[in-house]
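Chain by chain, the residues:
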Amino acid sequence: MTSTHAFWLAGRQATGESDFDVTSPWDGTTVGTLSLPTDAQVEEAVAAAYAVRDEFAATPAHVRAAALDHVSRRLVERTEEIARLISAENGKPIKWARGEVGRAVSVFRFAAEEARRFNGGEAQRLDTDAGGQGRLALTRRFPKGVVLGIAPFNFPLNLCAHKIAPAIAAGAPIILKPAPATPLSGLILGELLAETELPAGSWSILPVPNDRMPALVQDERLPVISFTGSETVGYAIMDSVPRKHCTLELGGNGAAVVLADWASDEDLDRAAARIATFSNYQGGQSCISVQRVIADAAVYDRLLPRIVAAVEAQVTGDPNDDATDVGPLVSEAAAERVETWVREAVDAGAKLLTGGKRDGASYAPTVLTELPADTTLAHEEVFGPVLSVQKVAGEAEAFAAVNDSKYGLQAGVFTHDLQAAFRAHRALEVGGVVVGDVPSYRADQMPYGGAKQSGVGREGVRFAMDDYTYERVLVLTGLAL
């Protein structure tokens, strides 16, 4: 579909020494070829980012905002082209890829808005005690330094945007490492940033292999690490650099709770449709896809067949087809892992109601019940199109079931009861509670992140900017207040 031999080094196009082919998980065709940066080029990027950090922090807000606005506009202009690229290298159905481009458009627009209003300063009078008479404190935020952004494969454009846009808005240089399976979408952002007037060194996009990531992580010139990916890798990064500031978005096994009051035929049809869609969108490869359905006994028997029917109605196949709901996973190895976990669960006594079949990198949308608690599917993130349905007796048992997990990213609660919504917000050990819908809803401007082993810190443009910066106080003395 496309061909490139370049990456982005300190704001300019560059070529390395060895070529790497990006292939489609759908049909194995080559999507693009790129060269990998050499160690010397990686060093050049880090040195340039470190050298420009003070200049970039002092760059006027309108310059950074204009660059971010430019990227947002250009993404709109190239939506179909970029969506096709995402679909080709990731296997994501084209309709979801178009949605991802739309979200990235918003991320850069939000970042432009935040760049214009961020760090205006907060004044605090200090003469509340006698020793502070004539004194005023002004608090502003300043970048902690260069950001190393490490992005995953499942949203290869938008999660790169969530690393780059807040850093530019805050005036922090960034080096982005896109996922090895899906580097081309991130490199598109380099094309668009290169059209702006941001200073050289303020950004680089380096598709280095994972085995070369530790050297970047350990580099003392990169004091901030923003990582989205697996729990194992994320905590290994944090443990290896205990004195750095790390934000980690590590995923979960999202629960959708259906309480007893969500009981009309219309209610149950809507819940089933939303659950089926968002357990399978992106091939289930979303940190907030529905993996667990926890249904009150009062509605379970009517809800379960609706879920199975809605899952079976999902259209699987060619991601290039506008009608396709579910495409392949990112690789055949990923689908084989899902197959292994489902087989383990069934062998242990789980009931397979639909799905459970693999074809290459594709795995059929799958529904299980009676999932034994000691199976891998019961306590790990499947990252595939698989969900389990569990019956509970009442709200308290439902909330306890949600919390019976090492993860705590987001939860959905289907209820019309406002008091139950607030009880859920208080009781559920997650980063976000979505009432009246699945846990898969995310607005890109809201704080997004988890509790427990779902990570630390928050994404969402303004909240990432807070993570990339620190407060510095200026005390003015001798003032007539």
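Only a predicted model underlies this, so the values are computations on that prediction, with no experimental measurement involved. (Residues numbered from 1 in each chain as written. Predicted model: local features only at pLDDT ≥ 70, side-chain atom pairs only at ≥ 80, totals over all residues. Heavy atoms only, no water.)

Peer 1: Would you mind going over the overall build of the chain with me for this structure?
Peer 2: Helix and strand content of the chain: 16 helices and 24 strands. By the compact-globule yardstick of 23 Å for 481 residues, the chain fits well, its C-alpha radius of gyration being 24 Å. Referenced to the eigenvectors of the C-alpha coordinate spread, the extents of the chain come out at roughly 70 × 65 × 40 Å. Expressed as a percentage of its 481 residues, the buried residues of the chain come to 57%. Contacts in the chain between residues far apart in sequence, at least 24 positions, make up 72% of those at least 6 positions apart. For the chain, the computed accessible surface area is about 19000 Å², with 50% contributed by carbon and sulfur atoms. Averaging the coordinates of the 44 positive side-chain charges in the chain and doing the same for the 62 negative ones gives two points 5 Å apart. (Helix = DSSP H or I, 4+ residues; strand = E, 2+ residues; numbered from the N terminus. Rg over C-alpha atoms; globule rule 2.2 N^0.38 Å. Buried < 20%, exposed > 50% of the residue type's maximum accessible area, 1.4 Å probe, protein only. Contact = heavy atoms within 4.5 Å. Areas by Shrake-Rupley, 256 points an atom, 1.4 Å probe, with all protein chains shown as cover. Lys, Arg positive; Asp, Glu negative; His and termini not counted. Charge placed at Lys NZ, Arg CZ, Asp CG, Glu CD.)

Peer 1: Would you mind showing me how to read helix H6 (residues 158–170) here?
Peer 2: Because each turn of an α-helix spans 3.6 residues, side chains separated by three or four positions in sequence point in the same direction. Across its 13 residues, H6 extends 18 Å between first and last C-alpha, which sits within 8% of the 18 Å expected from 1.5 Å per residue. Taken across its 13 residues, H6 has 13 buried, putting it largely inside the fold. (Expected span 1.5 Å × (residues − 1).)

Peer 1: What is the right way to look at the state of the cysteines in this model?
Peer 2: Put plainly, a disulfide is one covalent bond tying together the sulfur atoms of two cysteines. As enumerated under the stated definition, the model contains zero disulfides in all. There is no disulfide at Cys246, and the cysteine sulfur nearest it, in Cys287, is 17 Å away. Residue Cys287 stays outside any disulfide, its sulfur separated by 14 Å from that of Cys160, the closest cysteine. (Disulfide = S-S within 2.5 Å.)

Peer 1: In this structure, what is going on with the pairing of strand S21 (residues 432–435)? I would like to understand it.
Peer 2: Sheet faces and side chains relate simply in a regular strand, where the side chains alternate between the two faces. Burial along S21 is one-sided: the face carrying Gly432 and Val434 is buried and the face carrying Val433 and Val435 is not. Bridge count between strand S20 (residues 410–414) and S21: four bridges; the pairing is parallel. Bridged to Ala411 within S21 is Val433. The parallel pair S20 and S21, bridged by helix H15 (residues 418–427), forms a crossover whose chirality is right-handed. (Pairing = 2+ DSSP bridges. Right-handed = clockwise from strand over helix to strand, strands pointing away.)

Peer 1: I would appreciate a short explanation of unusual backbone geometry in the present structure.
Peer 2: With glycine set apart, most residues show a phi of negative sign, and most peptide bonds adopt trans. Notably, Gln282 is not glycine yet its phi reads approximately 55 degrees, a positive angle. Residue position: Gln282 is located in the loop between helix H10 (265–280) and strand S13 (292–296). Overall, Gln282 belongs to the buried group, its relative accessible area being 5%. The phi dihedral of Lys452 falls on the positive side, at around 55 degrees, and the residue is not glycine.

Peer 1: It is not clear to me how the packing of helix H3 (residues 61–77) against helix H5 (residues 94–117) should be interpreted in this structure. Could you clarify?
Peer 2: Between two packed helices, both the angle of their axes relative to each other and the distance between the axes serve to describe the pair. Orientation of H3 relative to H5, taken along the N-to-C sense of each, is 165 degrees, at an axis distance of 8 Å. With respect to each other, H3 and H5 are oriented roughly antiparallel. Note on packing geometry: the crossing formed by H3 with H5 is left-handed. Here Ala61, Arg64, Ala65, Ala66, Leu68, Asp69, Val71, Ser72, Leu75 and Val76 of H3 come into contact with H5, specifically with Val101, Ala104, Val105, Phe108, Arg109, Ala111, Ala112, Ala115 and Arg116. Residue composition of the contact of H3 with H5, by class: 14 nonpolar, one polar and four charged. (Axes fitted to C-alpha atoms, helices over the stretch in contact; angles between N-to-C directions. Parallel < 35°, antiparallel > 145°, perpendicular 65-115°, else oblique. Left-handed = near helix turned anticlockwise from the far one by under 90°. Nonpolar A, V, L, I, M, F, W, Y, C, P; charged D, E, K, R; others polar.)

Peer 1: It is not clear to me how the environment of Pro223 should be interpreted in this structure. Could you clarify?
Peer 2: Along the chain, the position of Pro223 falls in the loop between helix H8 (213–218) and strand S10 (224–228). Placed 77 residues apart in sequence, Pro223 and Val146 show a C-alpha to C-alpha distance of 6.3 Å. Once you skip the residues sitting within four places of it in the chain, Pro223 turns out to touch Lys144, Gly145, Val146, Lys244 and His245.

Peer 1: How do you make sense of the pairing of strand S11 (residues 245–249) when you look at a structure like this?
Peer 2: Across the five residues that make up S11, a large majority, four, are buried. Where the polypeptide runs from S10 across helix H9 (residues 231–240) and back to S11, its parallel neighbour, the crossover connection is right-handed.

Peer 1: What's the story with the side chain of Arg64 in this structure? I'm lost.
Peer 2: Inspection of the secondary structure puts Arg64 in helix H3. At 10 Å, Glu114 is the nearest oppositely charged side chain to Arg64, a buried residue that forms no salt bridge. A distance of 2.4 Å separates the side chain of Arg64 from the backbone oxygen of Ala169, its partner in a polar contact. (Salt bridge = Lys/Arg side-chain N within 4 Å of Asp/Glu carboxyl O. Polar contact = N/O pair within 3.5 Å; in protein donor to acceptor, adjacent residues only side chain to side chain.)

Peer 1: Can you help me understand the packing of aromatic side chains in this one?
Peer 2: Any aromatic ring pair is given by two values, namely how distant the centres are and how the planes are angled relative to each other. The tally for this structure, following the rule as stated, stands at six aromatic pairs. Aromatic pair Trp8 and Trp203: ring centres 6.0 Å apart, planes at 45 degrees, arrangement tilted. Of the two residues, Trp8 is situated in strand S1 (residues 7–9) and Trp203 in strand S9 (residues 203–205); the sequence distance between them amounts to 195 residues. Each member of the pair, Trp8 as well as Trp203, is classed as buried. When the ring of Phe278 is compared with that of Tyr281, the centres are 4.8 Å apart and the planes differ by 65 degrees; the resulting orientation is edge-to-face. Assigned by exposure class, Phe278 and Tyr281 land together as buried. Joined through ring pairs, the aromatic side chains of Trp96, Phe278 and Tyr281 make up one cluster. (Phe/Tyr/Trp six-rings, centres within 6.5 Å; stacked < 30°, edge-to-face > 60°.)

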